[in-house]
Amino acid sequence: MQPWEVLVQQTINGLTRGAVFALIALGYTMVYGIIELINFAHGDVFMLGLFISLSWFALFGVTQAPTGWQLLTILPLVFVLTMLSTAALNVAIDRVAYRPLRRSTRLAPLITAIGVSFMLENLALLWKGPAPIAYPDVFPSVDILVTTKDVLVVGATIPLMLALNYFVTRTRWGKAMRATAQDRETAQAMGINVERTILLTFFVGGALAGAAGLIQGLYYNIGMWWMGYQAGLRAFTAAVLGGIGNMPGAALGGLFIGFLSAWSDQYISARWTNAIVFSILILVLVFRPQGLLGARSADKV
């Protein structure tokens, strides 16, 4: 393979990775924007999205690539069911673990989020076991210039991100989310149901994580109980890089981390990729803590 072909292939790999990271990072940044909580359990919701989608496929009896109308009906149905399942899971996490600590110090919800992350990982470990699990090759792969799976990843993630942008910027619920993120007390005084808005935020973030988990399974055909940890950390880095609380920044950061990790795996070493990614995180936190697209907050007096 020619050097330029390797570069093109790794760039495509970076795009697909980055699209998945962007979906996960959007969940991080939405929750932080509303209640200023780093939901470290979010990466594990992504991991459970892969496992849950696997169960939905098994329920419909799909163990290999369906053909014709089955592909057009079952795959979108599993997408919707997986997103609803992980959205409900994310809402349950908020209601049980985070809501009772809403008025406590910031440290308590943060520690709770780490604890919930460990709980979800061990739940997946008990459910599927420690060994990697094979994800059925549900989506047919045809390699022309790019594979059909590459097209699937981009074709699924971009509409989801555009739909989220429309929802947040154009709908009444989205305006309530933006108002709550800007000033929770004032939004409540103006008649916005803040708790309902927070619930909606967790619902949407969980749905995006579930979609990312399903896409990950369709693309790589493998899943591990610990995969949410690494993907979650990289998505969190993407959210911080773009500007935590800034949704366009989270999407941009996800794509950047995707390209960086793919190029690092190819041209440096996969063993160094995490070190490079987190070095960038440290540099951003030191020199531009508001991120690439985030606005510097005014100092309180």
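This text goes with the structure placed above it.
Predicted, not measured: the structure shown is a model, and the values here were computed from it. (Residues numbered from 1 in each chain as written. Predicted model: local features only at pLDDT ≥ 70, side-chain atom pairs only at ≥ 80, totals over all residues. Heavy atoms only, no water.)

> Got a sec to walk through the overall build of the chain? Specific residues and values, please.
When helices and strands are tallied, the chain shows 11 helices and two strands. Its C-alpha atoms give the chain a radius of gyration of 19 Å, near enough to 19 Å, the size a compact globule of 301 residues would have. Its C-alpha atoms give the chain principal-axis dimensions of roughly 60 × 45 × 40 Å. Taking all 301 residues of the chain together, the buried fraction comes to 50%. Looking at the chain alone, contacts between residues at least 24 apart form 78% of all its contacts between residues at least 6 apart. Split by element, the accessible area of the chain, about 15,300 Å² in all, is 67% carbon and sulfur. Between the centroid of the 19 positive side chains of the chain and the centroid of its 13 negative side chains there is a distance of 9 Å. (Helix = DSSP H or I, 4+ residues; strand = E, 2+ residues; numbered from the N terminus. Rg over C-alpha atoms; globule rule 2.2 N^0.38 Å. Buried < 20%, exposed > 50% of the residue type's maximum accessible area, 1.4 Å probe, protein only. Contact = heavy atoms within 4.5 Å. Areas by Shrake-Rupley, 256 points an atom, 1.4 Å probe, with all protein chains shown as cover. Lys, Arg positive; Asp, Glu negative; His and termini not counted. Charge placed at Lys NZ, Arg CZ, Asp CG, Glu CD.)

> Before we move on, could you go through the pattern of salt bridges and cite the residues and values that matter?
According to the stated counting rule, one finds eight salt bridges in the structure shown. Note that R95 is salt-bridged to D94, the shortest N-O span being 2.7 Å. Judged by its relative accessible area of 24%, R95 falls in the partly exposed class. A residue is classified by how much of its surface remains accessible, and D94, at 0% relative accessible area, is buried. The partner of R99 in a salt bridge is E195, with the nearest N and O atoms 3.6 Å apart. Residue R99 is located in the loop between α3 (69-98) and α4 (107-128), and its partner E195 is located in helix α8 (residues 194-220); the two are separated by 96 residues in the primary sequence. Through salt bridges with shared partners, a single ionic network connects D94, R95, R99, R102 and E195. (Salt bridge = Lys/Arg side-chain N within 4 Å of Asp/Glu carboxyl O.)

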